[in-house]
Amino acid sequence: MTLIRLTGVTKTFPAASKAAAPVVAVDDVSLAVAQGEVCGIIGYSGAGKSTVLRLVNALESPTSGTVEIDGTDITRLNERALRALRGDIGMIFQQFNLFDSRTVAKNVAYPLEVARRPRAEITARVDELLRFVGLADKARSFPEQLSGGQKQRVGIARALATSPRILLADEATSALDPDTTQEVLALLRRVNAELGVTILVITHEMDVIRTLADRVIVMEHGRIIEAGEVFDVLSAPRHPATRRFVASIIDDVPAGEQLRVLRERHPGRIVTFTVRDGDVTQADIFAALSSHGVRFELIHGGINDIRGRVFGHLTLALTGETDAVQRAIDAASAFAPLLEEDTRG
Ligand SMILES: Nc1ncnc2c1ncn2[C@@H]1O[C@H](COP(=O)(O)OP(=O)(O)OP(=O)(O)O)[C@@H](O)[C@H]1O
Ligand SMILES: [Mg+2]
């Protein structure tokens, strides 16, 4: 069942000055997110990602097109219905956006106070949420006394206070170190798996997409340029901008200065092979090279695991008789896509 649906949505912001053109932040975007799904949105700065999230929770209204939540066109809601909608959509942010003057418990209680829930119910719900995010012992602390990861867990508890069906996350782990990021991602996985909350995440972090998202949408200049299963989009991106973006977050192919240093250090030919589950394994490549009597050394590379399926790149320095090296490369590249020499330009 589709929970979030955008159809032909365009969002234009007025020009900042008379000389400037209006900004088309979102340009004819259509997308659907199923109930229970975790969907990632990636893309360079200014691509329109945050604007899409703001359209989903009705903080912005589309210039044209429709935004539907569970079949209801939210651009036509009155104030009262909008408040109900916002209770059904939680949001977390890169900078956490906690109230510094409120305790942890009072931060989590805030959406329930706004919704005028009875005091006893609020107390019980806040307890339950703080236990869920593992911060029951911090109820009386203030945000400034917490680590970044703890602050984001408070942010998550607050976002879940009204039991929303949808959670929107805008770079929610970008301000955190890698270990803390993993903790918060594990919590978000529980939010999805145990509470059944549908999650839409914006990120530029490989780990977030890899470990959290089921599906990924790639945006550029306000448009969706690619979308699909995470493994497919990351391991075999079709659009050049997606390839550039994926290369920037994975960084397993040497380029530029890194490649120059490798060339200086290693004689012979330097080639990069693509390894992809279902297509070709490392063993296939090594066997093809060995069978031609070529010596090879692994000098760069990376293997990525997406829920048990692997893909990545192996950069090898090949030495031996010139013709044999060429034959070995031909043999290996017959099944493994080859990026020769200047791999990424
Ligand atoms: N309220 C606004 N008024 C005017 N222009 C805006 C407004 N909000 C966003 N924009 C513009 O719309 C475009 C898309 O912005 P948006 O914040 O959605 O991008 P983003 O993909 O989230 O980028 P980032 O990764 O930097 O957060 C940008 O050119 C931005 O300057
Ligand atoms: Mg943004």
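Residues numbered from 1 in each chain as written. Chains lettered and ligands numbered in written order. Predicted model: local features only at pLDDT ≥ 70, side-chain atom pairs only at ≥ 80, totals over all residues. Heavy atoms only, no water.

Draft legend 1. Region of the structure containing the pairing of strand E11 (residues 269-276). When you tally the buried positions in E11, you get 7 out of 8 residues, the bulk of the element. Note: E11 against strand E13 (residues 309-319), 8 bridges, orientation antiparallel. Bridged to Thr-274 within E13 is His-313. (Buried < 20%, exposed > 50% of the residue type's maximum accessible area, 1.4 Å probe, protein only. Helix = DSSP H or I, 4+ residues; strand = E, 2+ residues; numbered from the N terminus. Pairing = 2+ DSSP bridges.)

Draft legend 2. Quick peek at the site of ligand 1. Taken together, Phe-13, Val-23, Ala-25, Tyr-44, Ser-45, Gly-46, Ala-47, Gly-48, Lys-49, Ser-50 and Thr-51 make up the full set of residues near ligand 1. Ala-47 has a polar backbone atom sitting 3.1 Å from an oxygen atom of ligand 1. Here an oxygen atom of ligand 1 and a side-chain polar atom of Lys-49 are 2.8 Å apart. Protein contact buries 58% of the 640 Å² of open area that ligand 1 shows by itself. At the level of elements, strand E2 (23-34) and helix H1 (49-56) are the ones that each hand at least two residues to the shell around ligand 1. A per-element tally of the shell around ligand 1 places H1 first, with 3 residues. (Near = heavy atom within 4 Å. Polar contact = N/O pair within 3.5 Å; in protein donor to acceptor, adjacent residues only side chain to side chain. Areas by Shrake-Rupley, 256 points an atom, 1.4 Å probe, with all protein chains shown as cover.)

Draft legend 3. Expanded view of the packing of helix H11 (residues 282-290) against helix H12 (residues 322-333). For the pair H11 and H12, the least separation of the axes is 8 Å and the interaxial angle reads 150 degrees. One finds that H11 runs roughly antiparallel with respect to H12. As for how H11 packs across H12, the hand of that crossing is right-handed. Contacts from Ile-285, Ala-288 and Leu-289 in H11 reach Ala-328, Ile-329, Ala-331 and Ala-332 in H12. Residues belonging to the contact of H11 with H12 are distributed by class as follows: 7 nonpolar, no polar and no charged. (Axes fitted to C-alpha atoms, helices over the stretch in contact; angles between N-to-C directions. Parallel < 35°, antiparallel > 145°, perpendicular 65-115°, else oblique. Left-handed = near helix turned anticlockwise from the far one by under 90°. Contact = heavy atoms within 4.5 Å. Nonpolar A, V, L, I, M, F, W, Y, C, P; charged D, E, K, R; others polar.)

Draft legend 4. Quick look at the domain arrangement of the protein. Each assigned domain of the protein is listed here: domain 1 (2-249) and domain 2 (252-340). A C-alpha centroid distance of 39 Å is found between domain 1 and domain 2. Across the contact, 12 residues belong to domain 1 and 9 residues belong to domain 2. Taken as a group, Arg-210, Phe-231 and Ser-235 account for 62% of the area that domain 1 buries against domain 2, more than any other trio of residues on that side. At the surface where domain 1 touches domain 2, the tally comes to 2 salt bridges. Asp-214 is the partner of Arg-307 in a salt bridge, and the nearest nitrogen-oxygen pair spans 3.0 Å. Of all the secondary structure elements, the ones that give two or more residues to the side of domain 1 that touches domain 2 are helix H7 (206-212) and helix H8 (230-235). (Domains from an automatic or database assignment. Buried area = accessible area lost by both parts, 1.4 Å probe. Salt bridge = Lys/Arg side-chain N within 4 Å of Asp/Glu carboxyl O.)

Draft legend 5. Highlighting the pattern of salt bridges. Within the structure shown, the criterion is met by 19 salt bridges. Across the pair Lys-11 and Glu-60 runs a salt bridge whose closest N-O atoms are separated by 3.8 Å. In this pair, Lys-11 sits in strand E1 (residues 2-13) while Glu-60 sits in the loop between H1 and strand E4 (64-69), placing the two residues 49 residues apart along the sequence. Pair check on accessibility: Lys-11 and Glu-60 agree, each one buried.

Draft legend 6. Main features of the nonpolar core. Counting 52 residues, the largest nonpolar core has Ile-92, Val-133, Ile-156, Leu-167, Val-191, Ile-209 and Leu-234 as its most contacted members. Excluding residues within four positions of it along the chain, Ile-156 makes contact with Ile-92, Val-133, Val-184, Leu-187, Leu-188 and Val-191. (Core = buried A, V, L, I, M, F, W, Y, C linked by side-chain atoms within 4.5 Å.)

Draft legend 7. Representation of the pairing of strand E6 (residues 89-93). Counting buried residues in E6 gives 4 out of 5 residues, a clear majority hidden from the surface. Summarising the sheet, E6 and strand E7 (residues 166-170) pair through 5 bridges and their orientation is parallel. Each bridged residue has a counterpart across the sheet, and for Phe-93 the counterpart in E7 is Asp-170.

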